[in-house]
Amino acid sequence: QVQLVESGGGSVQAGGSLRLSCAASGRTISTYAMGWFRQAPGKQRELVAAVTTGGYTEYADSVKGRFTISRDDAKNTVYLQMNSLKPEDTALYYCAAKSGNYNLRLQGKYDYWGQGTQFTVSS
């Protein structure tokens, strides 16, 4: 079992930056691909970014060039650096872990999920 706890949510003005963290416990994340997902009010949950065990990354088109996902396996933590934030980035952000470095965009393939952290961008 892997327990995931997100932190770093809050409120920021448009154009600002913020970093979310996802701390894992129970097992090492070094053997898991990790992803950040988000769900805005009235919308489906969507992939924001994912990183494989080898460091390969994938991003949603809407965040490419603005967000960066990274992992520190020694700290059992995954990060999401968010720059040039827009009001449409406002959502509940979830961290997730999956076995296997494939199907990164399919949330149904992720094995473990955090509770989420709320993040609001004001204009």
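The present account deals with the structure reproduced in this document. (Residues numbered from 1 in each chain as written. Predicted model: local features only at pLDDT ≥ 70, side-chain atom pairs only at ≥ 80, totals over all residues. Heavy atoms only, no water.)

This paragraph deals with unusual backbone geometry. The backbone of asparagine 76 shows a phi angle near 55°, a positive value even though the residue is not glycine. Relative to the helices and strands, asparagine 76 is located in the loop between strand E7 (67-72) and strand E8 (77-82). One non-glycine residue, asparagine 103, adopts positive backbone phi at about 50°. (Helix = DSSP H or I, 4+ residues; strand = E, 2+ residues; numbered from the N terminus.)

Where burial is concerned, the two faces of strand E11 (residues 117-122) differ: the one with Thr117, Phe119 and Val121 is buried and the one with Gln118, Thr120 and Ser122 is not. As paired strands, strand E2 (residues 10-13) and E11 are joined by 4 bridges and run parallel to one another. Residue pairing in the sheet places glycine 10 in a bridge with phenylalanine 119 of E11. Pairing between strand E9 (residues 91-99) and E11: 3 bridges, direction antiparallel. By the bridge assignment for E11, alanine 91 is matched with phenylalanine 119. (Buried < 20%, exposed > 50% of the residue type's maximum accessible area, 1.4 Å probe, protein only. Pairing = 2+ DSSP bridges.)

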